[in-house]
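Here is what each chain is made of, one letter per residue.
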Amino acid sequence: MSFPVFRHTISRFRELLEEGDQKISQLIKYDPVIAYLIFQEVNKPCGKIEITNFSQMINYLGIKKIEEIIIQRELFLENEDLYIWVYGILSAEISALISEKFSHIHRDEAFFTGLFPCLGLLFMTNEFPKYRRIIHFLIKLPLEDRVFLEEKVFGTNHIETLKRNIICPPFKEVVNILNKMFPKDGVKDIKTPVPPKGSTLQSCYDLALLADLSAYGAQALMFPSVVDNRELFLELAKRYFRIKESDSLEILQSVMDRFLSIAKEFNVMEELQFSTETFYQLKQFRFESKNAVFANMLKNLFEENAKDRNIFIYGGPAVGKRLLAAALYTAQDNPRREKPFVMIFCDIEEETLEEEFFGIKEGYLGKKGKRGVLKNAEGGTLVIKEFDRMPIIFQNKLEKAISSGRFYRVGDINPVEFPDVKFILIGKEDIRVKAAQGEFSSSLIKLINPVFIRIPSLKERREDVFYIAGEIVKKYNLNIEDKLTQPEIVEKFKTDPFPNNLRDLKRFLFLLYIQRLLKF
C-alpha cells in the first residue's frame, strides 16, 4: 500500500541526496510517512534487530536504501495540505522535548510516537479518500472526539488504522495501549491500560500518554483562540508527567522556535502564518444564559466579580466551568483584568502541590529554584482547578499561609509574604457539602469566603441548548445553521439528556457538519 508523502519534504530530501549532504540523516524524520517506512523497514516483526534511533537506522539501511524509499514515492501532499505536516511536526517535537526529562524514553522514540496522530490521519485518508475533506476540521479536536466521530461515520478510527499499519516493536505495544485509552465510544480511559510498576510496558504506556499530550500542544500552537487546547495541555502535562505549568509553557515556546527553523529548512516559511507574539494572549470571553433564573445568578456573580470577590464555580462534567472563569477574568469591569492570570491543577500529590504553590528554594535537594504560582499570580488572579479534590493536608497548609500572611518556599527557612491574589476556584462538587461531611476544611472556606455558583446541566436549562448550539456553530464555522431549525433536531434539543453536557452537544453538531462535508 502506497501512503502519501509531502512534496516539500521529498523535494528537499532529493536535493540533499544529490549533494551527498549528511544533513539528510537529521532531516529524514520530518516526513511522517518516510519516518514510518524507515522504522518498518528496520524493525520488521520477524527480524532480530530493534533500532529506534534515526541516525542508527540510516547507517543500518544505507543511503542507497533511503534513496530507494524516497524515489518510490508516487502520492504527494501539496501546499494546501501543509497544515497536516505542521500538526505532525509540532506534535513530534513536543513529544521529543518532553522525553528529555525521562531517562527511560529515547528521544527518537518519542518523536516518532508524537507523529502517531498525524499518521493516523494519513492512514485514514488512504483507506477512505473522502476523509481528506474533513481533516482540516478533525485536526482541531481532541483525540477522543476524533475517535468518536470517525467511528460514527466510517465504522473505524485513526487509532485502529495505526494498529493495522504499525506492526514493529516497541510501537506496536504503544498503539495497543492507545486503543485501550481511546475506545470507540470516545470516553478516554488512561487508568485501564496502566502497566504494573517496573513493567517493561512502562515506557510504552508513557509514549502513549505523550502521543495524547503532544497533540494538545500542537493544537494549542496552531489554534491559540481555542483556549481549552492550551489549558488541557498544561493540565495533562502535570497529570501525566508532573511537569509544572511554567515549564510546559516554556516547552511550547521552545518547540515553536524549533519548528520555525525547520520550516525554513524545508522552504515553506512563506506558506505559514504563525505569530508567537499573540500566543499567550487571552481574548474576551462571554458566558451567558437564556434561562431567566441562571441569567440572574450570572448577573449577580459578575457584579461580585467587579467587587474583587473570590469565586467558587462548581458543576457536572463539561458544563463550562473553565469558560466561566475565563469570562470573569476578561470582563471589562474586572479590576484585575490587566494583571496576571495563572492556573493550577491541584488533583495531585501533596508534595508536588506544595512546590507548585509555594515554590522551591534554589539548590534544595539539587532542585532548580522556583517562584511558585502564588508569587507568579501576584496582583492578579489564581485559578485553582479541581479545588474540591485538594489534599486535606495541603488545605491546612494553605489556610495557615493565608491566615498568617506568609509562607515558606520548600527548603527555605526565610518566610515569603503572602501576595495579593484573587482566587477563582473550580470543582465538580460543592465544597460546603464536603465540609459538612468532614471531607473538606470548613475554616479554609471561611477564610477564602468565595461567592458560590453552580452551573446547571444542560437538561436543567433547555433554553440554553439552542443558544449554545448556535454559538458552537459560529465558533467552529460549522455552516449548519439551517439544520438547527429542522423538527427532528429541535426535538433532540428539547429532550436529549446530554449526560456529558457540552461535550455531547458539540459532538452532535460536529457530526452534522462532517456529514454535510462528506456529501459534497
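Sequence order as written defines residue numbering, which begins from 1 separately in each chain. Only residues with pLDDT of at least 70 are given local features in this predicted model, and only at 80 or more are side-chain atom pairs given and counted; all residues enter the totals for whole chains, interfaces and linings. To get the side-chain values, all heavy atoms of the structure are used, and hydrogens and water are removed first.

Draft legend 1. Local environment of the side chain of Lys375. As for its placement among the helices and strands, Lys375 is situated in helix α19 (residues 373-376). What qualifies as a polar contact is a pair of N or O atoms within 3.5 Å, subject to a donor-acceptor requirement within protein and to the restriction that residues adjacent in sequence count only when both atoms come from side chains. Within the structure, Lys375 has its side chain in polar contact with the side chain of Glu378 (distance 3.1 Å). Contacts are assigned to residue pairs that have any heavy atoms within 4.5 Å of one another. With near-sequence residues (within four places) excluded, Lys375 lies in contact with Phe407, Val416, Glu417 and Pro419. Secondary structure is summarised from DSSP: a helix means a run of H or I of at least four residues, a strand means a run of E of at least two, and numbering begins at the N terminus for each.

Draft legend 2. Layout of helix α13 (residues 202-222). With 21 residues, α13 should reach 30 Å at 1.5 Å per residue; the first-to-last C-alpha distance of 30 Å fits that figure. Relative accessible area decides the class of each residue, using a 1.4 Å probe on protein chains only: under 20% of the type maximum gives buried, over 50% gives exposed, and in between gives partly exposed. Counting buried positions along α13 gives 20 out of 21 residues, so the element sits mostly inside the fold. In a helix, the anticipated span is given by 1.5 Å times the number of residues less one.

Draft legend 3. Structural context of the environment of Leu141. With respect to the helices and strands, the residue Leu141 is situated in the loop between α9 (135-138) and α10 (143-154). Relative accessible area serves as the criterion here: at 2%, Leu141 is assigned to the buried category. Residues Leu141 and Ile190, spaced 49 residues apart in sequence, show a C-alpha to C-alpha distance of 18 Å. The residues touching Leu141, leaving out its near neighbours within four places in the chain, are Arg146, Leu149, Gln219 and Phe510.

Draft legend 4. Just the pattern of salt bridges, in detail. In what follows, salt bridge is the name for a side-chain nitrogen of Lys or Arg lying within 4 Å of a carboxyl oxygen of Asp or Glu. Enumeration according to the criterion identifies 35 salt bridges in this entry. Between Arg107 and Glu100 there is a salt bridge, with its nearest N and O atoms 2.7 Å apart. Across the pair Glu338 and Arg337 runs a salt bridge whose closest N-O atoms are separated by 3.3 Å. Classification of Arg337 as partly exposed rests on a relative accessible area of 24%. Through salt bridges with shared partners, a single ionic network connects Arg12, Glu15, Lys23 and Glu265.

Draft legend 5. Structural detail: helix α3 (residues 32-42). In terms of burial, α3 is largely enclosed, as 10 of its 11 residues are buried. Looking only at α3, the buried set comprises Pro32, Val33, Ile34, Ala35, Tyr36, Leu37, Ile38, Phe39, Gln40 and Val42. The N-cap of α3, judged by a side-chain oxygen 3.1 Å from the amide nitrogen of Val33 a few residues on, is Asp31.

Draft legend 6. Focus on the packing of helix α6 (residues 82-99) against α13. Contact pair α6 / α13: the axes reach a minimum separation of 8 Å and the direction vectors enclose 125 degrees. Relative to α13, the element α6 is oriented oblique. Both α6 and α13 take part in a crossing whose hand is right-handed. Between α6 and α13, the residues in contact are Tyr83, Val86, Tyr87, Leu90, Ser91, Ile94, Ser95, Ile98 and Ser99 and Leu210, Leu213, Ser214, Ala215, Gly217, Ala218, Gln219, Leu221 and Met222, respectively. Of the residues assigned to the contact of α6 with α13, the class counts are 12 nonpolar, six polar and no charged. Angles shown run from 0 to 180 degrees and are taken between the N-to-C directions of axes, each axis being a line fitted to C-alpha atoms and, for helices, limited to the stretch in contact. Angle categories are assigned with fixed cut-offs, so that under 35 degrees is roughly parallel, over 145 is roughly antiparallel, 65 to 115 is roughly perpendicular, and the rest are oblique. With the far helix as reference, a near helix turned anticlockwise by less than a right angle produces a left-handed crossing, and one turned clockwise produces a right-handed crossing. Gly counts as polar in this scheme, as do all residues outside two lists: the nonpolar Ala, Val, Leu, Ile, Met, Phe, Trp, Tyr, Cys and Pro, and the charged Asp, Glu, Lys and Arg.

Draft legend 7. Region of interest: unusual backbone geometry. Along the chain, Pro169 connects to Pro170 via a cis peptide bond; the corresponding omega equals -5 degrees. With respect to the helices and strands, the residue Pro170 is situated in the loop between α11 (158-165) and α12 (171-181). At Asn449, a position not held by glycine, the phi torsion is positive, near 50 degrees. By secondary structure assignment, the location of Asn449 is in the loop between α22 (442-448) and β9 (451-455). Classification of Asn449 by relative accessible area gives partly exposed; the value is 46%. One non-glycine residue, Asn479, adopts positive backbone phi at about 55 degrees. If you trace the backbone, Asn479 turns up in the loop between α23 (462-475) and α24 (487-495).

Draft legend 8. Spotlight on the pairing of β9. Of the two faces of β9, only one is covered, namely that formed by Val451, Ile453 and Ile455; the face formed by Phe452 and Arg454 stays uncovered. Following DSSP output, two strands are said to pair if at least two bridges run between them. Bridge count between strand β3 (residues 311-315) and β9: five bridges; the pairing is parallel. Bridged to Gly315 within β9 is Ile455.

Draft legend 9. Molecular detail of the packing of aromatic side chains. Each Phe, Tyr or Trp ring, with Trp reduced to its six-membered ring, pairs with another whose centre is within 6.5 Å; inter-plane angles below 30 degrees give stacked pairs, above 60 give edge-to-face pairs, and intermediate values give tilted ones. Evaluation of the coordinates by the stated rule reveals 35 aromatic pairs. The interplanar angle of 75 degrees and the centroid separation of 4.9 Å between the aromatic rings of Phe112 and Phe171 together place this pair among those described as edge-to-face. Of this pair, Phe112 sits in helix α7 (residues 107-114) while Phe171 is found in helix α12, placing the two residues 59 residues apart along the sequence. For Phe112, a relative accessible area of 0% puts it in the buried group. Aromatic side chains Phe287 and Phe294 sit 6.3 Å apart centroid to centroid with 85 degrees between the ring planes, which places their arrangement in the edge-to-face category. Assessed through its relative accessible area of 2%, Phe294 is described here as buried. An aromatic cluster of three or more residues is present, and its members are Phe13, Tyr30, Phe39, Phe54, Trp85, Phe111, Phe112, Phe116, Phe171, Phe259 and Phe266. The cationic tip of Arg507 hangs over the ring face of Phe148; the distance from NZ or CZ to the ring centre is 4.7 Å. Placement of a positive charge over a ring is assigned whenever Lys NZ or Arg CZ falls within 6 Å of the ring centre and within 35 degrees of the normal to the ring plane.

Draft legend 10. Main features of empty space enclosed by the protein. Each cavity reported here is a set of points on a 1 Å grid over the protein atoms alone in which a 1.4 Å probe fits but cannot get out, each pocket an open set with protein on both sides within 12 Å along at least five of seven lines, and each lining residue one with an atom within 4 Å of a point. Grid points are joined across faces, edges and corners, and a volume is the space filled by probe spheres set on the points. Within the structure shown, the criterion is met by one cavity of 30 Å³ or more. Its volume calculated, the largest cavity comes out at about 30 Å³. Around the largest cavity, the lining residues are Phe116, Pro117, Leu143, His158, Ile159, Leu162, Leu178 and Ala211. Secondary-structure elements contributing two or more residues to the lining of the largest cavity are α8 (116-127) and α11. In terms of residues, the lining of the largest cavity owes the most to one element, α11, which gives three residues.

Draft legend 11. Representation of the sheet that holds strand β8 (residues 422-427). The strand order across the open sheet formed by five strands is β4-β5-β8-β3-β9, and the pairing between neighbours is parallel. Each end of this open sheet is capped by a strand with a single partner; those strands are β4 (341-345) and β9. Across the sheet, the mean angle from the axis of one strand to that of its neighbour is 15 degrees, orientation sign disregarded. As paired elements, β3 and β8 share four bridges and run parallel to each other. The residue of β8 that forms the bridge with Tyr314 is Gly427.

Draft legend 12. Fine view of the side chain of Glu354. Assignment of secondary structure puts Glu354 in helix α18 (residues 350-358). Excluding its chain neighbours within four sequence positions, the residues that come into contact with Glu354 are Gly359, Phe394, Lys397 and Val410.

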